[in-house]
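# Chain and residue survey
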Amino acid sequence: MRKILLLFLAMTMSGVAMASADWREKLSVEDVMKVIKAAHPQCAEHPAELRRLSERALGVTSDNGKETAAAEADRTAVAGPNRISSAELLALLLSLNLTQEDWDYIQNVVLPLYNYTTENRVVPENTTMSMEVDTVAQAPFDGCHFGIGNIINTYDAFYVDTCACRQYGGKPKVNGSYPWGMVTVGSNIIWGTVNNLLCMPSWQSLTSLGANKPYENSCWVCEYEEGVRKGVGKNGDMLIPRVYMYNTSNGVVRDITPSTTKATVLNDCLGLRSAGAHNGVVFLGGPGLDSDQGQTSTRSAFLAFDYNGAFLGQSAMEDIDGYTVTDVRRWLVYDDVLYCGVAILDPATGKTRGAILRWYGDMSDPFNFHIVGFTANEAGEICEHNGRLYAGGWPTDNLPVAAIFEGPVVPEGGLTRENATEWDIKWMMSQYETNPMNLRMEQCSMLRSYKGKLYWSMWYVQYGIVASLSMANINLSTPKGIAFILASMRQATLWRTDDFSDVELLYGEENLPDYDWQTGEIIQPRPNAGGYKPLYGRAGMGRYFTSYIWASEEYNGHLYFGTMSPEACIEPAMESVLDEETKTALATYADLIGVSDSTKGYELYRMVDNNSPAETITENGFGNIAQYGVRNIVLGDNGANMYLGTASPFNLNEYGGWRILKFHDEDYIDTGITDTTTVPASVLVKNEDGYVSITSFRNEKIEKLTVADLSGRIVYTENPKRADAYLFSSVLGSGVFVVTVTTASGSWTAKVSL
């Protein structure tokens, strides 16, 4: 612990002098005094001397004359007026047991990396647009947590009384992390979820920072084999994913998740990460429980519904032209044909590769797919550009470097099985990235054609740095550990092209620091592999923790894209670390980079054309810093509104769980064919065998419940005075009914069937 505190002292003192002016504003004399006292307690016995040294380290000394002149006399390592001299600083650090070798490494390696990392991080200017943003739906509180593995921990996918939970000493829990796959059909928005995403067993060593067992912090809890879902080993937090259908015109959300007796594939599904719709059929699909985000999955789960939410069937997609589909990410309708990009398991090699599937089915035969394109990567993103389909890749053992793939010109009637081998690699991430380990952690995360240009983004798995650190056999709580992170960490890059004859880097790094995996040496910044120079700014849109451009959409003539930033995860994760030295090192790193509540949460940007840089719409999740990413963006209400599906895995945070936001551009040109009014979701309806469950999304008491038949005759009324109510076929009989629910906020009407 002492050594890392000393490292902090060295870097903050020197960083203030050598890096940006932000550090002078961030640090106070008291900050430095605390660090010195923590590392060297006996200094507390000499408060006047302690303050004098701290003041001089920050250049705010009240002394003048001789001491100022002395400081000016030796500033070879620490620049800036009135700063402590390098000789004085070195003497101070050596008195606190930092070795000469440590100091040399800090001076020659760490500080240059630190300065490069923090300088010139200019972010896009704030937009001047007028807009309207409303949260219209959010993940329900569906659990009550009393402690890891506690036998009275509860889970109800439909409703948990949060007041009763708190009354009995529990913590309300929201298990729904992401609206993972999302699509619009008429006035309905449909999405599938994933629960407790940070608790995937394959992420355990990362999110628990090596604790490798169940843990809990102030934002989330992961119970693994002690979770409420029994019989699935360490997947005990990976609850059955849900499917929701939200009608924007009446504010009613229906949980249309089929029972696991009807959809057995859900028992072995990590989550429903993808959604698409065409010709009356809605698809949702995702990888199996053995998945590491789809990269190592050997199976998948697909569901089909009609446009009214009726369940049509399921498939494990085990044999599509002789291949097993193991993951699906994006769908595309082009020229009246539905396509999707998937990962497939090649039976000949036992390795994962990618494919483009075309749908040949209908409502009576929904799972009729064939392969119309092979890609060496998993086909993670898919779009049409200039009459061709393009796919953005995720590394696989078949090709461990992300690439952009180009299909043939789409013939009349769409691509066919004969086109499957006609896909070529047009660009690879190795044309930019210089670190071979990083190449395996960089994937295509956005692919969009906009005004004649093809845009794509490459994201970097920032939380994977912990794993790569251990692979390098480097201790985080050393100067070399900090240097390794500074040299290896990357942020999202944004690219575009016309036809790949000239590729532009819009946001990225002209120079990249590196780690030599052969010699173990840190390499200071040098030109990226392709010599690209960013047109608009540094990677991450200038933000250090922006790792992912996660979703994009063209709306009202502008290109919008939402990000994922794990910044809000850092401090809660440190609470779970048992090793105090590692915890201190991570705290030091967070302080050095500048974790701030003002920038936690996702960012939303837009580009108004191909000739202007991005504009910032929000840098902190519209004020909800627990929302760390925009997973999906779709257009609704005939294009009048844009809907964001945002993600938060913070299951113990009252602002955690997924959100659906309506975004309206005040400059939207109303064509007269649409109504831009959206009714916020207030009532959740779930059909079960023999009964219907109804609850208030806002946990409000239902004041009145009225049921009428289709002729308008009132057949049942009730005053529940609680947040949930039930209708039974044994009481009302079978048929279709119109239900009106009244709470303190208003009334909502929905059709239900019994």
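Residues numbered from 1 in each chain as written. Predicted model: local features only at pLDDT ≥ 70, side-chain atom pairs only at ≥ 80, totals over all residues. Heavy atoms only, no water.

The final tally for this structure, using the stated rule, is 41 aromatic pairs. Measuring from ring centre to ring centre gives 5.0 Å for Tyr515 and Trp517, while their planes differ by 85°; the resulting arrangement is edge-to-face. Looking at Trp517, the relative accessible area reads 26%, which means it is partly exposed. Taken together through their ring pairs, the aromatic side chains of Tyr178, Trp180, Tyr215, Trp220, Trp394, Trp459, Tyr548, Trp550, Tyr628 and Phe650 make up a single cluster. In this arrangement the basic side chain of Arg329 is found over the ring face of Trp394, its NZ or CZ atom lying 3.6 Å from the centre. Above the face of the Tyr116 ring, Arg538 is positioned so that its terminal group lies 4.6 Å from the ring centre. (Phe/Tyr/Trp six-rings, centres within 6.5 Å; stacked < 30°, edge-to-face > 60°. Buried < 20%, exposed > 50% of the residue type's maximum accessible area, 1.4 Å probe, protein only. Lys NZ or Arg CZ within 6 Å of the ring centre and 35° of its normal.)

By the definition in use, this model includes five cavities of 30 Å³ or more. Here the largest cavity defines a volume of roughly 90 Å³. Every element with two or more residues in the lining of the largest cavity is listed here: α7 (100–118) and β27 (511–515). Across the lining of the largest cavity, the residue classes break down as six nonpolar, two polar and four charged. (1 Å grid on protein atoms, 1.4 Å probe; cavity = no way out; pocket = protein on both sides within 12 Å on 5 of 7 lines; lining within 4 Å. Points joined across faces, edges and corners; volume = space filled by probe spheres on them. Helix = DSSP H or I, 4+ residues; strand = E, 2+ residues; numbered from the N terminus. Nonpolar A, V, L, I, M, F, W, Y, C, P; charged D, E, K, R; others polar.)

What follows covers the environment of Ala725. Here Ala725 lies in strand β40 (residues 724–728). Judged by relative accessible area, Ala725 falls into the buried class, the value being 0%. When the C-alpha positions of Ala725 and Ile694 are compared, they lie 5.2 Å apart, and in sequence the two are 31 residues distant. Apart from the residues lying within four places of it in its own chain, the contact partners of Ala725 are Val692, Ser693, Ile694, Ile702, Leu705 and Pro720. (Contact = heavy atoms within 4.5 Å.)

Here we take up the confidence of the model for the protein chain. Residue-level pLDDT values for the protein chain average 85, and 83% of them are 70 or greater. pLDDT under 50 marks residues 1–26. Its contacts with residues more than four places away, or in other chains, come to 88 contacts. Between residues 62–96, whose pLDDT stays under 50, and residues either more than four places distant or in other chains, the model counts 60 contacts. (pLDDT = per-residue confidence, 0-100.)

What follows concerns the environment of Asp102. Mapped onto the fold, Asp102 is located in helix α7. On the basis of relative accessible area, Asp102 is assigned to the buried category, the value being 12%. In the structure, Asp102 is positioned 378 residues away from Lys480 in sequence and 9.0 Å away in space, judged by C-alpha atoms.

By secondary structure assignment, the location of Asp306 is in strand β13 (residues 300–306). For the buried Asp306, no salt bridge is present, and the opposite-charge side chain at shortest range is Arg254, 7.1 Å distant. In contact with Asp306, not counting residues within four places along its chain, are Gly280, Val282, Leu312 and Met363. (Lys, Arg positive; Asp, Glu negative; His and termini not counted. Salt bridge = Lys/Arg side-chain N within 4 Å of Asp/Glu carboxyl O.)

Our next topic: the sheet that holds strand β26 (residues 503–507). Sheet strands line up and pair through hydrogen bonds in the backbone, either parallel or antiparallel. Pairing within the open sheet is antiparallel, and its four strands lie in the order β23-β24-β25-β26. Where the open sheet ends on each side, the last strands, each with one partner, are β23 (442–450) and β26. Across the sheet, the mean angle separating the axes of adjacent strands is 25° when strand polarity is ignored. Pairing between strand β25 (residues 493–497) and β26: four bridges, direction antiparallel. Bridging across to β26, Thr497 finds its partner in Val503. (Pairing = 2+ DSSP bridges. Axes fitted to C-alpha atoms, helices over the stretch in contact; angles between N-to-C directions.)

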